[in-house]
Amino acid sequence: MNKTRLLTLLFTPAIALCATATLLAQRQQPQPDDPALKIYRASATKINDLIHTKLDVRFDYKKHYLYGKEWVTIKPHMYPTDSLRLDAKGMDIKTIAMVKAGKLVPLKFTYDSLTLAITLDKKYLNTESYTVFINYTSKPDELKLKGSAAITGAKGLYFINADGAVKDKPTQIWTQGETESSSAWFPTIDRTNQKTTEEIAMTVPAKYVTLSNGRLASQKVNTDGTRTDTWKMELPHSPYLFMMAVGNFKIYKDKWRNKEVSYYLEPKYAPYAKDIFGFTPEVMEFYSKKLGVDYPWNKYSQIVVRDYVSGAMENTTATLHGSQVQATRRELVDGKPESEIDIVHELFHQWFGDYVTAESWSNLTVNESFADFSETLWFEHKHGKDAGDEQNYQAMLRYLNRPRNAAKTLVRFHYADKEDMFDDVSYQKGGRVLNMLRNYLGEDSFFKGLHIYLTQNAFKNGEAQQLRLAFEEASGQDLNWYFNQWYYSPGHPELKIDYKWDEANKTETVYLTQTQKGDNFILPMAIDIYAGGKKERHKVWMRSMADTLTFKVASAPDLVNVDGDKILLARKTDNKTFDQLVFQYFNAPLYLDRFEAIDAAAKQQDNKAAQKLLLAALKDKYFNLRIKAIKTLDLSNADIRATSVPILLNIAKNDEKTLARAAALNSLAKLNDAGNLSLFKQNINSQSYAMQAASLNGIAGLAPADALKIAKNLEHDTSGPLTDAIIKVYGTNGGDAELAFISNAFKNATAQAKFGMLADYIKILSRVNNINAFKASVDDIKAVGKRFKQFGISIITKQLEELKTQKEATKQTEQAQYVAAVIDELKKA
């Protein structure tokens, strides 16, 4: 499962706000004295084993109910038993019976609204299987279970716009099983260490299509305007990976080798199915060859739904995505790496998570760390080494920049709630730990280890110790030291690096110091010494808190590059001189080598060497480093401006990447140079939304009246950065006529985006005269304040206070009074 979309920090010029889910995660952080943290979270004891689950379901769109019949086949795991416990959340249970020779024999049971305790008709041995029939009603909207930062709902089954009341919003039904929410729509043993085959018959309005795990075995048209689709999953998988989806989806059929690959989208986005998902077979081929295990299931489908409660979910053979992956062809012109990440992340789960499943949430790392690692693996393969290294570095920063992460182990047997496992440690730290191990063992040994792990545990469960044994078998090395420090101990190294050259003895000394609290980390690393026009690599081990390394060198080194592969998961304080960093940019080969040098140059732009470096970075081979250099330029510096503007103009006109062109246009816009107006107007009709947005920003600075007219003409086809740019123009110069655009954008925006556009929304409201439109907009802002009141509403009330002051100054008393009343209401909420 990918939570990236929900766990992103948003910063805007006016306000700095953590995304809703991130705030929720912070508020829900368990305290060290929380009694729940003292509970040892063992793997679920297996008394009975699921064998086969057969469901027959239909839906009540008015009540938001599922009417279900279930035949679940089970056998005792080891010891004889005459009882069965099933998870069943918030259901009405009508019948529970044993299936005997085709007849139903009623069974006694008790039910506490969460768990069914069933007394069987006899004591069964582990050589005997039995089938229990259950007639039940699932009532997901009546459940009182809470979600989490990572998965914001826990009711398992979701009815979206079921009555069709919301115009232009599709009617859909979909499920979300992780972590233990499948038992909200069918009784089961809702644990990761259970595996079962599956058959689901869904009776739905005939106008809709369905999707579930496995193959569509049959379709039967009924006389009442419904159709019954039967899906069969003939290989075992865990209950939380069961899925259903129902709605008006258009299906695009693709294939990988001889297996069906399909994409389910809303009709609006159906023409772009191949543009969004078309690289999926290529990823399946890459993963299959890399792992030495072909994609193990009979088909692979991807479906996009509305109002999804997380980023995406790796249901076996049928991944479910939130609407963030949908895009038109124009929206894809600038690239959409976040969608690409979702797609490759969930696909890797079909091996790591579905084929081999974490035996408990404590070992979630064998699911999510691999999926996170796959993002780096794919970007490196598809887009080059720089792109893979950038993905790896950004993920590492995400982990390092949240201090609370350092207190958690990767394998965690103590947590307050299973949902707490879905964090930067299980994802970003774990992905980096795997990438380091890949570097240490070497490509062949690492992927041989993955092959062993997958084949030895196919259709079963895995944990970190099995992973260690697989890598040891592949490499012939003992890896307890590695797993002990990275999987079973918390934190990461804080590494201080100092240098000293001894001219008399021709000796370079490197001082390594780990400054973190607690134990030292054992760190194998490469140290590259550049001297005399050559590079010499030394492979070293740091085994203590402090280490001193000496190297004989014929002449003073131009650069000593510790961690030459830029692979260590560590926060480094690397005390290189600026001259050494300049040399590093032009001579060391990796993304992070150049990134570090650009960072250093950005801080001393009066330095001629820094200027030379930044000018070179404007032409870096990797577009995101070109963009970084563009954004760091201090154009108030006359020398920088004189030398960089010609390059910026060339980038704006000719760069192969539209995002780099847009960055150059935005940089030029800051100059407010009338000579650039024609350039901005030339690009205002670009197919790139980013370039249009940058051009509009440039025009707004030079010809505000023209920008207002142009923005009006662009309203009919806008997205992402262009929407933001139009809102900015309207916030600065718009009035009653432009309010509707911002109001509609605000209503349809994500929580993060709502806060991002709040400052401009307030600005335009300060100039609005229409009292009804004004009140409706203030009400929209109030609704957001109330919805997220648990995070504090001071950001919103502060903005509203400024609006009230402005209305008082312009003698718009009724509007000022209305805002004052809303402020009071929010403070009392």
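Remember, it's a predicted structure, so these values are computed and weren't measured experimentally.

**Q** Which residues make up the overall build of the protein chain, and what are the values?
**A** Along its length, the protein chain carries 26 helices and 31 strands. What you see for the protein chain is a C-alpha radius of gyration of 29 Å, in line with the 28 Å of a compact globule of 829 residues. Once the C-alpha set of the protein chain is aligned to its principal axes, its extents read approximately 90 × 80 × 55 Å. The 829 residues of the protein chain split such that 57% are buried. In the protein chain, the share of contacts with a sequence separation of at least 24, taken over all contacts with a separation of at least 6, comes to 68%. Put simply, the protein chain shows about 33900 Å² of open surface, and 50% of that area lies on carbon and sulfur atoms. Each charge class in the protein chain can be summarised by its mean position, and for the 108 positive and 98 negative side chains these summaries are 3 Å apart.

**Q** Before we move on, could you go through the sheet that holds strand β9 (residues 115-124) and cite the residues and values that matter?
**A** In space, the 3 strands of this open sheet follow the order β5-β9-β8, with antiparallel pairing throughout. Strands with a single pairing partner mark the edges of an open sheet, and in this sheet they are β5 (81-87) and β8 (108-111). Ignoring strand direction, the axes of neighbouring strands in this sheet form an average angle of 20 degrees. Pairing of β5 with β9 involves 6 bridges; the strand directions are antiparallel. Opposite Leu86, over in β9, you have Leu116 as the bridge partner.

**Q** Give me the environment of Leu668: which residues, what numbers.
**A** Following the sequence through the fold, Leu668 ends up in helix α16 (residues 658-669). In this structure Leu668 comes out as buried when scored by relative accessible area, which is 1%. Placed 16 residues apart in sequence, Leu668 and Ala652 show a C-alpha to C-alpha distance of 8.9 Å. Not counting chain neighbours up to four residues away, the residues in contact with Leu668 comprise Val645, Leu648, Leu649, Ala652, Asn676, Leu679 and Phe680.

**Q** Please provide a residue-by-residue account of helix α6 (residues 385-400), values included.
**A** With 16 residues, α6 should reach 22 Å at 1.5 Å per residue; the first-to-last C-alpha distance of 22 Å fits that figure. Within α6, 13 of the 16 residues are buried, leaving the element largely enclosed by the surrounding structure.

**Q** Give me the pairing of strand β20 (residues 299-305): which residues, what numbers.
**A** Within β20, 7 of the 7 residues are buried, which leaves the element mostly enclosed by the surrounding structure. On β20, burial covers both faces: Lys299, Ser301, Ile303 and Val305 on one face and Tyr300, Gln302 and Val304 on the other are all buried. As judged from the 5 bridges shared by strand β19 (residues 259-265) and β20, these two strands associate in the parallel manner. Paired with Ser262 across the bridge in β20 is Ser301. Bridging between β20 and strand β22 (residues 318-322) involves 5 bridges; their strand directions are parallel. Each residue of the ladder has a partner; that of Val304, found in β22, is His321.

**Q** Which residues make up the side chain of Arg41, and what are the values?
**A** In this structure, Arg41 sits in the loop between α1 (20-27) and β3 (48-60). One buried charged side chain, Arg41, makes no salt bridge at all; its nearest oppositely charged neighbour is Asp417, positioned 7.3 Å away. Among the polar contacts made by the side chain of Arg41, one reaches the main-chain carbonyl oxygen of Ala36 at a distance of 3.3 Å. A polar atom in the side chain of Arg41 sits 3.2 Å from the backbone oxygen of Ala416. Excluding anything up to four places from it in sequence, Arg41 contacts Ala36, Ser362, Phe413, His414, Tyr415 and Ala416.

**Q** Can you tell me about the nonpolar core, naming the residues and giving the values?
**A** Membership of the largest hydrophobic core comes to 177 residues, with the highest contact counts inside it found for Tyr287, Tyr487, Leu696 and Leu800. Apart from residues no more than four positions distant in its own chain, Leu800 is found in contact with Ile762, Ile781, Val819, Val822, Ile823 and Leu826. Counting residues in each nonpolar core, the second largest holds 63 residues, with Leu55, Leu116, Val246 and Trp361 among its members.

**Q** Can you break down the sheet that holds β20 residue by residue, with the values?
**A** One open sheet accounts for 5 strands, arranged β18-β19-β20-β22-β21; its pairing is mixed. Looking at strand neighbours, the two that pair on one side only are β18 (250-256) and β21 (312-313), the edges of this open sheet. Helix-sheet contacts for helix α3 (residues 280-291) involve β18, β19 and β20, and the interaxial angle to β18 is about 35 degrees. Contacting β20, β21 and β22, helix α4 (residues 337-349) crosses the sheet at an angle of about 150 degrees to β22.

**Q** Please give an account of the packing of helix α18 (residues 689-702) against helix α19 (residues 704-714) that cites residues and values.
**A** Direction vectors running N to C along α18 and α19 enclose 150 degrees, while the axes themselves pass 6 Å from each other. In terms of orientation, α18 and α19 fall into the roughly antiparallel class. Here Gln692, Leu696, Ile699, Ala700 and Leu702 of α18 come into contact with α19, specifically with Pro704, Asp706, Ala707, Ile710, Ala711 and Leu714.

**Q** Describe the packing of helix α11 (residues 578-587) against helix α12 (residues 591-602), naming the residues involved and giving the relevant values.
**A** In contact at an axis separation of 8 Å, α11 and α12 are set at 135 degrees when each is read in the N-to-C sense. Our classification of the angle between α11 and α12 gives oblique. Where α11 crosses over α12, the two elements pack in a sense that is left-handed. Here Phe578, Leu581, Gln584 and Tyr585 of α11 lie close against α12, whose contacting residues are Leu592, Asp593, Arg594, Glu596, Ala597, Ile598, Ala600 and Ala601. Its residues assigned to classes, the contact of α11 with α12 comprises 8 nonpolar, 1 polar and 3 charged.

**Q** Give me the pattern of salt bridges: which residues, what numbers.
**A** Enumeration over the complete set of coordinates arrives at 51 salt bridges. With a closest N to O distance of 2.9 Å, Arg626 and Asp655 form a salt bridge. With a gap of 29 residues between them, Arg626 in helix α14 (residues 623-632) and Asp655 in the loop between α15 (638-654) and α16 connect regions that are remote in the sequence. Across the pair, Asp655 and Arg626 agree in class, each one buried. Connected through shared salt-bridge partners, Arg257, Glu285, Lys289 and Asp294 make up one network.

**Q** So what about a positive patch on the surface? Which residues, and what values?
**A** A cluster of basic side chains, namely Arg58, Lys62, Lys63, Lys69 and Lys94, defines a positive patch on the protein surface. Within the secondary structure, Arg58 sits in strand β3.

**Q** Report on the packing of aromatic side chains, specifying residues and quantitative values.
**A** Enumeration over the complete set of coordinates arrives at 51 aromatic pairs. Here Tyr40 and Phe413 contribute two aromatic rings whose centre-to-centre distance is 5.2 Å and whose plane-to-plane angle is 20 degrees, an arrangement assigned as stacked. Here Tyr40, found in the loop between α1 and β3, pairs with Phe413, found in the loop between α6 and α7 (425-441); they are 373 residues apart in sequence, far enough to count as distant. Note on Phe413: relative accessible area 25%, which makes it partly exposed. One aromatic cluster is present, formed by Trp256, Phe279, Phe286, Tyr287, Tyr295, Tyr300, Phe348, Trp351, Phe352, Phe370, Trp378 and Tyr453 through successive ring pairs. Just above the ring of Phe447 sits the side chain of Lys290; from NZ or CZ to the centre is 4.9 Å.

**Q** Summarise unusual backbone geometry; cite the residues concerned and give the values.
**A** Residues Glu178 and Thr179 are joined by a peptide bond in cis, for which omega reads 10 degrees. Positive phi is not limited to glycine here, since Arg257 has a value of about 50 degrees. Unlike most non-glycine residues, Phe459 shows phi in positive territory, near 60 degrees. Relative to the helices and strands, Phe459 resides in the loop between α8 (443-456) and β24 (460-462). Residue classification places Phe459 among the partly exposed residues on the basis of a relative accessible area of 24%.

The rules behind these values
Residues numbered from 1 in each chain as written. Predicted model: local features only at pLDDT ≥ 70, side-chain atom pairs only at ≥ 80, totals over all residues. Heavy atoms only, no water. Helix = DSSP H or I, 4+ residues; strand = E, 2+ residues; numbered from the N terminus. Rg over C-alpha atoms; globule rule 2.2 N^0.38 Å. Buried < 20%, exposed > 50% of the residue type's maximum accessible area, 1.4 Å probe, protein only. Contact = heavy atoms within 4.5 Å. Areas by Shrake-Rupley, 256 points an atom, 1.4 Å probe, with all protein chains shown as cover. Lys, Arg positive; Asp, Glu negative; His and termini not counted. Charge placed at Lys NZ, Arg CZ, Asp CG, Glu CD. Pairing = 2+ DSSP bridges. Axes fitted to C-alpha atoms, helices over the stretch in contact; angles between N-to-C directions. Expected span 1.5 Å × (residues − 1). Salt bridge = Lys/Arg side-chain N within 4 Å of Asp/Glu carboxyl O. Polar contact = N/O pair within 3.5 Å; in protein donor to acceptor, adjacent residues only side chain to side chain. Core = buried A, V, L, I, M, F, W, Y, C linked by side-chain atoms within 4.5 Å. Parallel < 35°, antiparallel > 145°, perpendicular 65-115°, else oblique. Left-handed = near helix turned anticlockwise from the far one by under 90°. Nonpolar A, V, L, I, M, F, W, Y, C, P; charged D, E, K, R; others polar. Patch = residues over 30% accessible without salt bridge, like charges linked within 9 Å, V, L, I, M, F, W, Y side chains within 5 Å. Phe/Tyr/Trp six-rings, centres within 6.5 Å; stacked < 30°, edge-to-face > 60°. Lys NZ or Arg CZ within 6 Å of the ring centre and 35° of its normal.

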